[in-house]
Each structure stands twice: as structure tokens, then as C-alpha cells.
Amino acid sequence: MSAVLPRTDEPASRAAPDSGRRRAVAMALWLAAASVLLVLVGASVGSTGFDSVLNMGGDALARQIVWDIRLPRTLGAWLAGALLALAGAVAQGLFRNPLADPYLLGSASGAALGGALAMAMLGVSPSTTSWLARLGVTGAAFIGAAGAVLLTLVLARGVQHTLRLLLAGVVVGVVLSAARDLIQVARPNILEAMQVFTMGSSAFVGWQACALMAAGWLVCALAAWALSRLLDGLMLGEATAASLGLPLAPMRAGLVLAMALATGTAVAHTGLIAFVGLAAPHLVRSMARVTHQWHVWLSSLMGGVLLLGADILARWLIAPQELPVGVLTAALGGTYLLWLMHRRSLGGGL
């Protein structure tokens, strides 16, 4: 009987990973196709409608509208969504909490504080036409996000204790948000600009920003993929992850840095956009149960599709005006999470 059992169990054990892998590949292809389709739609949505796309061959102005305005903001929305979803997938695996989001370590508050300081000192806003001034605002936001994460790590005394790291991030976020409010009180002329930043928008993304976000996304995605074994181990518990012989502290530090870089890069260019980093990993997990090697990539693709779709809706719903995309994602994402909680409560879950 013992000689028969390995042969009968072996096909079943092979079937489960193969089935999950096939589902993951199918989902990746579907998300890639949806991304291409949405990019084409995004290049066609704007105050001038489809006329700019149809006339761009013989009209220099129409070509400039499509190539210099619509395409970079469309690609920028996809990249920002991919970065936030990637950071969300890492955060949920690292903290073993399905409600973890990319802003846990205070990076959002740090980015907002950096943006407020730049606007107060330079007297500009994210909508300024000066390339150097815009670079100053986005650069300050990124430095603020990175500084907030470093401060969190200092207060938590490293990355060894997950709960201490989480609490330090909450404290840093509250303190930096208060500092930003004080700057806004002292300089009320930046209130309107900060409102645009905190609501989130892809309207100010250019080709330079797309290049920076693409480079940041590639680096962070490769880092998360390389360190995904730790995320798989942590899902089974801290003791199990340690028993696998993994260097927990260096790998956890690498994941924290990847999460911070992804979040800071996205926030610096598009402002604060809610729920994408929280909802995208949930959607992937509900469609395919895969290891984190697949999960980080699929979540990233899902985040790009979600934010780009929301950005197109924000431009189209009340055209020629547009809604702040962060407001739209908060409304749609909050509705989704409320429905998810209601369904799980009916099923006896959380």
C-alpha cells in the first residue's frame, strides 16, 4: 500500500500548481490586453474628443494634444496604479494583514509634507508650466516620502518587529500630517494647490515623469519578485519563515525599501490616490490563489488597469471638466470594500 500511495498522490500534487499557474498566465494575458485597450481609449478621451486622434496625422495641434498631453498622462496613470498596487501587495504580505495599504509607513504624509514645503518656498503648484518648478515639487514629495519611511525605521529600531514597525508608521503619519497642516495655516496661498495634490490627479504627468515611474516600477517589481519567498513564508507565520532558513532581517528590509520607493514614486507624480493599492491585491487573490512570485506581478497589472480605468472615467463623466481621480477611486474602492465585508460577514468571515 505504501508503494501505491506516492503514485496516486503525485498527479494530484502536480495538478494544483499547474492549474494555478495556468490561471495566473491567463489573468496576466487578460490584464495586459486590457491595459493596451485602455491606453488606446485614454489617448482618445479629452475635451476635444476623438477629433484630435482622427486629425493628428495632418494637424500639428491635434498631434501635440495626443502625444504631449493625453499619452503621457494615460501611461502615467497606469504606472502610478501599478506602483501603488505593487506596494500594496508587498504590504499585505509583509504585515500579514489583508487591510494593509501602501501608505502604512507614513510615506503618504511625508510626500504631502514635502509637496507643501516646496509649494510654500517656491510659490508654485503642481499645475505650473515651469518644468523646473514642477520637478522641484515632485522631487520634494519623493524626498518627503523617503524621509518618512526612514524616520519610521529609526523609531521602530529596524525591521525585525512587524508590530513596532506598523505602530511607528502610524505615529509618523500623524505627526507629519500635523506639520503639513501647520504649513498650510502659515501659507494659505497654497491651500488650493495642496487640495489638488491630496485629491490625486494624473493631469500633470509628462514624459519625464513616465520615464521615472517606469524605472521605479521595474526596480521595485524585480526586488519584490526576488524576495517573494519571504512573503510566502510569512503567510504561514514568523516561526515558519525562520525555519525555512531565510535571512529574515535583510529580506524584510529589502521589501520595506521596495514598498517605500514604489509608494514615494507614485505619490510624488500623481498625489494621494486611495484604495488602488488596497483593492488590487484583493481582486487578484479572489481570482487566483498563487504564490507571491505571481501575486506581485498580477497585482501590479491589476492596479494599472484599475487606476487607468478610473482616470478615463474621471475625464469622461463630466467632460469637458474632469473629476479628481483620487476622489473617484476612493468612492469606487470604498464601495467595493464595503460589499466585500458584507459578503464575508454573511459567510461567517471577517
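About the criteria used
Numbering of residues starts from 1 in each chain and follows the order in which that chain's sequence is written. Per-residue local features are limited, in this predicted model, to residues with pLDDT of at least 70; the limit for side-chain atom pairs, both in listing and counting, is 80 or more; totals at the level of whole chains, interfaces and linings are taken over all residues. The side-chain numbers reported here are obtained from all heavy atoms of the structure, hydrogens and water having been left aside. Segments assigned H or I by DSSP are reported as helices when at least four residues long, segments assigned E as strands when at least two residues long, and all are numbered from the N terminus. Take the residue count of a helix, subtract one, and multiply by 1.5 Å to get its expected span. Exposed residues in this analysis have more than 50% of their type's maximum accessible area, buried residues have under 20%, and partly exposed residues fall in between, with area computed by a 1.4 Å probe over protein chains only. It only takes one pair of heavy atoms within 4.5 Å for two residues to be counted as in contact. Only C-alpha atoms enter the line fits that serve as axes; for helices the fit covers just the stretch in contact. Angles between N-to-C directions range over 0 to 180 degrees. Any angle that is under 35 degrees is reported as roughly parallel, and any over 145 degrees as roughly antiparallel; angles of 65 to 115 degrees are reported as roughly perpendicular and all others as oblique. pLDDT expresses, on a scale from 0 to 100, how confident the predictor is about each individual residue. For salt bridges, the criterion is a side-chain nitrogen of Lys or Arg within 4 Å of an Asp or Glu carboxyl oxygen. Residues grouped as a nonpolar core are buried Ala, Val, Leu, Ile, Met, Phe, Trp, Tyr and Cys residues, joined through side-chain atoms within 4.5 Å. A residue counts toward a patch only above 30% relative accessible area and without a salt bridge, and it is joined to like-charged neighbours within 9 Å or, for Val, Leu, Ile, Met, Phe, Trp and Tyr, to nonpolar neighbours within 5 Å. In this description, accessible areas are obtained by the Shrake-Rupley approach with a 1.4 Å probe, and a residue is regarded as covered only by the protein chains that are shown. We call a crossing left-handed when the near helix sits turned anticlockwise from the far one by less than a right angle, and right-handed when that turn is clockwise. Each residue gets one label: Ala, Val, Leu, Ile, Met, Phe, Trp, Tyr, Cys and Pro are nonpolar, Asp, Glu, Lys and Arg are charged, and the others, such as Gly, are polar. In summary, the pairing rule links any two rings of Phe, Tyr or Trp, Trp by its six-membered ring, whose centres are within 6.5 Å, and it sorts them by plane angle into stacked for under 30 degrees, edge-to-face for over 60 and tilted for everything else. Identification of polar contacts relies on pairs of N or O atoms within 3.5 Å, with a donor-acceptor requirement for protein atoms, meaning one able to donate a hydrogen and the other able to accept it, and with residues adjacent in sequence counted only if both atoms are side-chain atoms.

### Brief notes about helix 4 (residues 107-122)
Okay, step 1: With 16 residues, helix 4 extends 22 Å between its outermost C-alpha atoms, agreeing within 8% with the 22 Å of an ideal straight helix rising 1.5 Å per residue.
Okay, step 2: Along helix 4, 13 of the 16 residues are buried, which leaves the element largely enclosed by surrounding structure.

### Overview of helix 6 (residues 162-186)
Okay, step 1: In this model helix 6 runs 36 Å from its N-terminal to its C-terminal C-alpha over 25 residues, within 8% of the 36 Å that 1.5 Å per residue would give.
Okay, step 2: Restricting attention to buried positions, one finds in helix 6 the residues T162, L165, A168, G169, V172, G173, L176, R180, I183 and Q184.

### As for the side chain of T329
Okay, step 1: Mapped onto the elements of the fold, T329 is located in helix 14 (residues 325-346).
Okay, step 2: Its relative accessible area of 6% is what places T329 among the buried residues.
Okay, step 3: The residues touching T329, leaving out its near neighbours within four places in the chain, are I273, A274, F275, V276, L307, A310 and G334.

### Examining the packing of helix 3 (residues 60-94) against helix 9 (residues 228-235)
Think of two packed helices as two axes; the pair is described by the angle between the axes and how far apart they sit.
Okay, step 1: Relative to each other, helix 3 and helix 9 sit at 40°, their axes nearing to 8 Å. Here helix 3 is positioned oblique relative to helix 9, judged by the angle of their axes. Touching V90, G93 and L94 of helix 3 are L231, L234 and M235, all from helix 9.

### Digging into unusual backbone geometry
Okay, step 1: With a phi close to 75°, F275 is a non-glycine residue in the positive phi region.
Okay, step 2: With respect to the helices and strands, F275 occurs in the loop between helix 11 (248-270) and helix 12 (276-287).

### Considering the confidence of the model for the chain
Okay, step 1: Considering every residue of the chain, the mean pLDDT works out to 81; 85% of them sit at 70 or more.
Okay, step 2: By mean pLDDT, the top-scoring element of the chain is helix 13 (residues 292-316) (93), and the lowest-scoring one is helix 2 (residues 51-55) (63).
Okay, step 3: This model gives residues 1-15 a pLDDT under 50, and the stretch forms zero contacts once residues within four places in sequence are excluded.

### With respect to the pattern of salt bridges
Okay, step 1: Here the structure, examined in full by the defined rule, presents four salt bridges.
Okay, step 2: The shortest N-O distance in the salt bridge between R180 and D181 comes to 3.4 Å.
Okay, step 3: Looking at R180, the relative accessible area reads 17%, which means it is buried.
Okay, step 4: For R315, the salt bridge is made with D311, and the minimal N-O distance between the two is 3.1 Å. Remark: D311 and R315 occur in helix 13; sequence separation between them is four residues, near one turn of the helix.
Okay, step 5: What emerges from the salt-bridge pattern is a single network uniting R73, D311, R315 and E322.

### Looking at the environment of A242
Okay, step 1: Within the element layout of this structure, A242 appears in helix 10 (residues 238-243).
Okay, step 2: Residue A242 is classed as partly exposed on the basis of its relative accessible area of 42%.
Okay, step 3: Spatially, the C-alpha atoms of A242 and L230 are 9.1 Å apart, while their sequence positions differ by 12 residues.

### Thoughts on the nonpolar core
One recurring pattern in soluble globular proteins: nonpolar side chains tend to sit buried together.
Okay, step 1: Core analysis: the biggest nonpolar cluster contains 100 residues, and W78, F95, F197 and L230 have the highest contact counts within it.
Okay, step 2: Here this core takes 14 residues from helix 3, the largest share from any one element.

### Remarks on a nonpolar patch on the surface
Okay, step 1: Together, L313, W316, L317, I318, L323 and L332 give the surface a local cluster of nonpolar side chains, amounting to about 550 Å² of exposed area.
Okay, step 2: Position of L332 relative to the elements: it lies in helix 14.

### Quick word on the packing of helix 3 against helix 11
Okay, step 1: Where helix 3 contacts helix 11, the two axes come as close as 9 Å, and the packing angle between them is 150°. The pairing of helix 3 with helix 11 is recorded here as roughly antiparallel in orientation. Between helix 3 and helix 11 lies a crossing of left-handed hand. Counted together, A80, L83, L84, A87, V90, A91 and L94 of helix 3 and R252, L255, V256, M259, A262, T263, T265, A266 and T270 of helix 11 form the full contact between these two elements.
Okay, step 2: When grouped by side-chain class, the residues that make up the contact of helix 3 with helix 11 number 12 nonpolar, three polar and one charged.

### A short note on the packing of aromatic side chains
Okay, step 1: Applying the stated criterion to the full structure yields three aromatic pairs.
Okay, step 2: Plain terms: the ring middles of W78 and W217 are 5.8 Å apart, the flat faces sit at 80° to each other, and that makes the pair edge-to-face. Here W78, found in helix 3, pairs with W217, found in helix 8 (residues 207-226); they are 139 residues apart in sequence, far enough to count as distant.
Okay, step 3: In this structure W78 comes out as buried when scored by relative accessible area, which is 12%.

### A word on the environment of E322
Okay, step 1: Within the secondary structure layout, E322 lies in the loop between helix 13 and helix 14.
Okay, step 2: Of the residues examined, E322 reaches a relative accessible area of 35% and is grouped as partly exposed.
Okay, step 3: Distance from E322 to S201, taken between C-alpha atoms, is 9.9 Å for residues 121 residues apart in sequence.
Okay, step 4: With residues near it in sequence (within four places) discarded, E322 still touches R73, S201, A203, A314 and R315.
Okay, step 5: A distance of 3.1 Å separates the side chain of E322 from the side chain of R73, its partner in a polar contact.

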